[in-house]
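Commentary on secondary and tertiary structure
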There are 2 protein chains.
Amino acid sequence: MTDDKRTFGQIVRDTRLNLRKTNADFSLRKFAFRIGISPTYLSKAETDEFQPPRAEKVVRIAEELGINKFVLLTKANHIDPGLKAILLKRQSELAELILLVSDMSADQISVIVEAIRKSKEDS
Amino acid sequence: MTDDKRTFGQIVRDTRLNLRKTNADFSLRKFAFRIGISPTYLSKAETDEFQPPRAEKVVRIAEELGINKFVLLTKANHIDPGLKAILLKRQSELAELILLVSDMSADQISVIVEAIRKSKEDS
DNA sequence: ATATGTGTTTAATATATATTAAACCTAAAT
DNA sequence: ATTTAGGTTTAATATATATTAAACACATAT
């Protein structure tokens, strides 16, 4: 299960410090500049004193850290910009589907995804 | 097709004025107070001079006007708070599904919804 | 004529969210 | 002993989004 109990800040700091062990480019300052935020802000965000940055920055952080962006976005209380764009355009049509699967397990949803994928191949 | 070319403001004003024909409670002022926004704001929003109000207010407007909330939310560039809550919790699990169906027609999505609904009955 | 109801406009704020510069305090390297 | 690199703290802003009070103009009812 992808059920990480840690906060946004804890995940980012833990992961970054781990990478820093073998790569000095993962110091707080260098990492912050690479992402496009100030060291100040990253410091506070990693200690959960500030709220996480906006969605786009969170995605960049996840990419740089090599972790799943959706997990980090969820911790940051953001919806992925790509998903958001799709939903903004088609929420009437997608609402039913999302509500319908919202009480299903991840496994059950995977089964559905696979079924749809297969049916798509046959066309 | 639910493809209304009108803006948020146009839809709200048109619908409200229609209701007002037979019901004085749909004057701009009374309606605004009922929704919980100022007449000023509603006036500007209905003429698209201000951006639409926040999602919760848009939902209330749709309910009062008796129109589909998702359509109005889309025009207002908001995601339905209910959907948003689901996505914030489970976007890792739902992302694949949403991306997969995002290029399908509304009809095709309906077919999938029906299939899932049936399979749910058998359990 | 005036009070009442309608929508509009002017002129600002309010509120939340996102964000920073600069000074600071270490510990390690020179 | 001092430069360097690390992270922290103070003290504010910046930015976007959401929102309003009060005065106005016009029509209709009294």
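Calculation criteria
Residues numbered from 1 in each chain as written. Chains lettered and ligands numbered in written order. Predicted model: local features only at pLDDT ≥ 70, side-chain atom pairs only at ≥ 80, totals over all residues. Heavy atoms only, no water. Near = heavy atom within 4 Å. Polar contact = N/O pair within 3.5 Å; in protein donor to acceptor, adjacent residues only side chain to side chain. Helix = DSSP H or I, 4+ residues; strand = E, 2+ residues; numbered from the N terminus. Nonpolar A, V, L, I, M, F, W, Y, C, P; charged D, E, K, R; others polar. Least-squares fit on C-alpha atoms with pLDDT ≥ 70 in both. Contact = heavy atoms within 4.5 Å. Salt bridge = Lys/Arg side-chain N within 4 Å of Asp/Glu carboxyl O. Buried < 20%, exposed > 50% of the residue type's maximum accessible area, 1.4 Å probe, protein only. Buried area = accessible area lost by both parts, 1.4 Å probe.

**Structural notes on the protein's contact with DNA strand C**
- Around DNA strand C lies a shell of 21 residues, among which Ser38 of chain A together with Arg13, Leu28, Arg29 and Ser43 of chain B are the nearest.
- In the model, a phosphate oxygen of DNA strand C is placed 2.7 Å from a nitrogen or oxygen of the arginine 13 of chain B side chain.
- Between arginine 16 of chain B and DNA strand C, the recorded distance is 3.0 Å, taken from a side-chain N or O atom to a phosphate oxygen.
- If you list the elements that add at least two residues to the surface near DNA strand C, you get helix H3 (39-46) of chain A together with helix H1 (8-20), helix H2 (28-35) and helix H3 (39-46) of chain B.
- For the surface near DNA strand C, the residue count by class is six nonpolar, eight polar and seven charged.

**Remarks on the relation of the copies chain B and chain A**
- You can overlay chain B on chain A at an RMSD of 0.1 Å; the transform is a turn of 180° with a shift of 0.0 Å along its axis. In the structure described here, the two chain copies are related by an operation that fits a two-fold rotation axis. Identified as the residue of chain B closest to the rotation axis by C-alpha distance is isoleucine 98 of chain B, at 4.1 Å.
- Interface residue correspondence from chain B to chain A reaches 100%, placing this contact among same-surface, isologous pairings.

**Section: the protein's contact with DNA strand D**
- For DNA strand D, the set of nearby residues contains 20 residues, the closest of which are Arg13, Leu28, Arg29 and Ser43 of chain A together with Ser38 of chain B.
- In the interface set of DNA strand D, defined as its atoms within 4 Å of the protein, sugar plus phosphate atoms amount to 48%.
- Within the side chain of arginine 13 of chain A, a nitrogen or oxygen atom sits 2.7 Å from a phosphate oxygen of DNA strand D.
- Elements with a contribution of two residues or more to the surface near DNA strand D: helix H1 (8-20), helix H2 (28-35) and H3 of chain A together with H3 of chain B.
- Of the residues contributing to the surface near DNA strand D, the split by class is five nonpolar, eight polar and seven charged.

**Let's talk about the pattern of salt bridges**
- Counted by the stated rule, this structure contains 22 salt bridges over all chains.
- In this structure, lysine 120 of chain B engages aspartate 103 of chain A in a salt bridge whose closest nitrogen and oxygen atoms are separated by 2.8 Å. Here the residue lysine 120 of chain B occupies a position in helix H7 (residues 106-121), and aspartate 103 of chain A occupies one in the loop between helix H6 (81-101) and helix H7 (106-121), the pair thus bridging two chains.
- When its relative accessible area of 58% is taken as the criterion, aspartate 103 of chain A is described as exposed.
- Residues joined by salt bridges that share partners form a network here, namely Asp4, Arg6 and Asp14 of chain A.

**Some thoughts on the interface of chain B and chain A**
- Each partner contributes residues to the interface: chain B has 38 residues there, and chain A has 38 residues.
- By the criterion of area lost to chain A, the three top residues of chain B are Leu88, Gln91 and Leu100 of chain B, representing 16% of everything that side buries.
- Where chain B packs against chain A, one counts 17 residue pairs in polar contact (both at pLDDT 80 or more).
- Mapped by element, the contributors of at least two residues to the side of chain B that touches chain A are helix H5 (69-75), helix H6 (81-101) and H7 of chain B.

**Here's the deal with unusual backbone geometry**
Residue and element names in this part refer to chain B.
- The phi torsion at aspartate 48 lies on the positive side, around 60°, for a residue other than glycine.
- Positive phi is not limited to glycine here, since asparagine 77 has a value of about 65°.
- Structurally, asparagine 77 is set in the loop between H5 and H6.
- Classification of asparagine 77 by relative accessible area gives exposed; the value is 54%.

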